[in-house]
Amino acid sequence: MNIEKMKIEDFESINRLWSNCHGITLRAIDDSREGIARFLNRNPHNNFICKIKGRIVGAILCGHDGRKGFIYHTVVDKDYRNKGIAKQLVNAAVSSLKEEAITKVALLVNADNPSGNTFWESLGFDFHDDLNYRILILDERNL
């Protein structure tokens, strides 16, 4: 098992993983090849893949704004779950954020994703019911 930095050349394999995973919400604009290329260019050190025998079986999309980190998509192929891959991906992302002096990381998990919520809680990510998530869509094409 190898944890490596994500590259845009990994996009097709990663997109297949995201598309086949319950609980991942994708946007055609942001999660397109072009959108991910922009994201990787802005956050070149915080995104990772896991390869086993040359095949990508896991990925984490993570970045920061200079102040707070944010984890967007974490996925492991269903045939490779419960082997510690997701935890290693999270550890790599969190370590990369710490190296860039980021002191807090957040994420969103769909409420109807109990295994995802259990996973993040097991890693110490607190649930906050005192916050309201708000969003303003700036480009509605291909939501």
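Preceding block: the structure.
Keep in mind it's a predicted model, so treat the numbers as computed, not measured. (Residues numbered from 1 in each chain as written. Predicted model: local features only at pLDDT ≥ 70, side-chain atom pairs only at ≥ 80, totals over all residues. Heavy atoms only, no water.)

A.B. asks: Tell me about the overall build of the protein, residues and numbers included.
C.D. replies: Within the protein, the regular secondary structure consists of 4 helices and 5 strands. Listed by position from the N terminus, the elements making up the protein come as β-α-α-β-β-β-α-β-α. Dimensions along the principal axes, computed over C-alpha positions, put the protein at roughly 45 × 35 × 35 Å. Scored against the burial criterion, the 143 residues of the protein give a buried share of 36%. At a minimum sequence separation of 6, the contacts of the protein that also span at least 24 residues come to 63%. Summed over all atoms, the accessible surface of the protein reaches about 9500 Å², with 48% contributed by carbon and sulfur. With 20 positive and 19 negative side-chain charges, the protein shows a separation of 4 Å between the mean positions of the two kinds. (Helix = DSSP H or I, 4+ residues; strand = E, 2+ residues; numbered from the N terminus. Buried < 20%, exposed > 50% of the residue type's maximum accessible area, 1.4 Å probe, protein only. Contact = heavy atoms within 4.5 Å. Areas by Shrake-Rupley, 256 points an atom, 1.4 Å probe, with all protein chains shown as cover. Lys, Arg positive; Asp, Glu negative; His and termini not counted. Charge placed at Lys NZ, Arg CZ, Asp CG, Glu CD.)

A.B. asks: Account for the pattern of salt bridges, with residues named and values stated.
C.D. replies: The tally for this structure, following the rule as stated, stands at 4 salt bridges. Residues Lys-51 and Glu-4 are paired through a salt bridge, measuring 3.7 Å at the closest nitrogen-oxygen approach. With a gap of 47 residues between them, Lys-51 in strand S2 (residues 48-52) and Glu-4 in strand S1 (residues 2-5) connect regions that are remote in the sequence. For Glu-12, the salt bridge identified is with Arg-33, shortest N-O distance 2.9 Å. A residue pair is termed long-range when its members are at least 10 positions apart, and Glu-12 in helix H1 (residues 11-19) and Arg-33 in helix H2 (residues 33-42) qualify at 21 residues. Take Glu-12: its relative accessible area is 40%, and that puts it in the partly exposed class. Here Arg-33 falls in the partly exposed class, since its relative accessible area comes to 32%. (Salt bridge = Lys/Arg side-chain N within 4 Å of Asp/Glu carboxyl O.)

A.B. asks: Could you give an account of the nonpolar core, naming the residues involved and the relevant values?
C.D. replies: Residues Ile-60, Ile-71, Ile-85 and Leu-89 are the most contacted members of the largest nonpolar core, which totals 19 residues. Mapped by element, the contributors of at least two residues to this core are S2, strand S3 (55-64), strand S4 (69-76) and helix H3 (85-99). When residues in this core are grouped by element, the largest group, 7 residues, is from H3. Contact partners of Ile-60, with chain neighbours within four places excluded, come to Met-6, Asn-47, Phe-48, Ile-71, His-73, Thr-74, Leu-89, Val-90 and Ala-93. Core analysis: the next-biggest nonpolar cluster, separate from the first, contains 15 residues, Trp-18, Ile-24, Ile-56 and Leu-61 among them. (Core = buried A, V, L, I, M, F, W, Y, C linked by side-chain atoms within 4.5 Å.)

A.B. asks: If you had to explain the sheet that holds S2 to someone new, which residues and values would you point to?
C.D. replies: Within a sheet, neighbouring strands are paired by backbone hydrogen bonds and run either parallel or antiparallel to one another. Across the sheet, 5 strands lie side by side as S1-S2-S3-S4-S5; this open sheet has mixed pairing. Two strands lie at the open edges of the sheet, namely S1 and strand S5 (105-107), each paired on one side alone. Sheet twist, expressed as the mean angle between neighbouring strand axes with direction ignored, is 30°. With 4 bridges joining them, S1 and S2 adopt antiparallel strand pairing. When the sheet's bridge partners are listed, Asn-2 is paired in S2 with Lys-51. Running at roughly 90° to S3, H1 makes contact with S2, S3 and S4 of the sheet. Contacts from H2 reach S3 and S4 within the one sheet, and its direction differs from that of S3 by about 60°. (Pairing = 2+ DSSP bridges. Axes fitted to C-alpha atoms, helices over the stretch in contact; angles between N-to-C directions.)

A.B. asks: Account for the pairing of S3, naming residues and giving values.
C.D. replies: Across the 10 residues of S3, 9 count as buried, placing the element largely inside the fold. Judged from the 5 bridges that link them, S2 and S3 form a sheet pairing that is antiparallel. By the bridge assignment for S3, Lys-51 is matched with Ile-56. Two successive antiparallel strands, S2 and S3, enclose a turn made up of 2 residues, where Lys-53 displays a positive phi of approximately 50°. As judged from the 7 bridges shared by S3 and S4, these two strands associate in the antiparallel manner. Looking across to S4, one finds that Leu-61 is bridged to His-73. Hairpin connection between S3 and S4: a loop of 4 residues separates the two successive antiparallel strands, and Gly-66 in this loop has a positive phi of roughly 95°.

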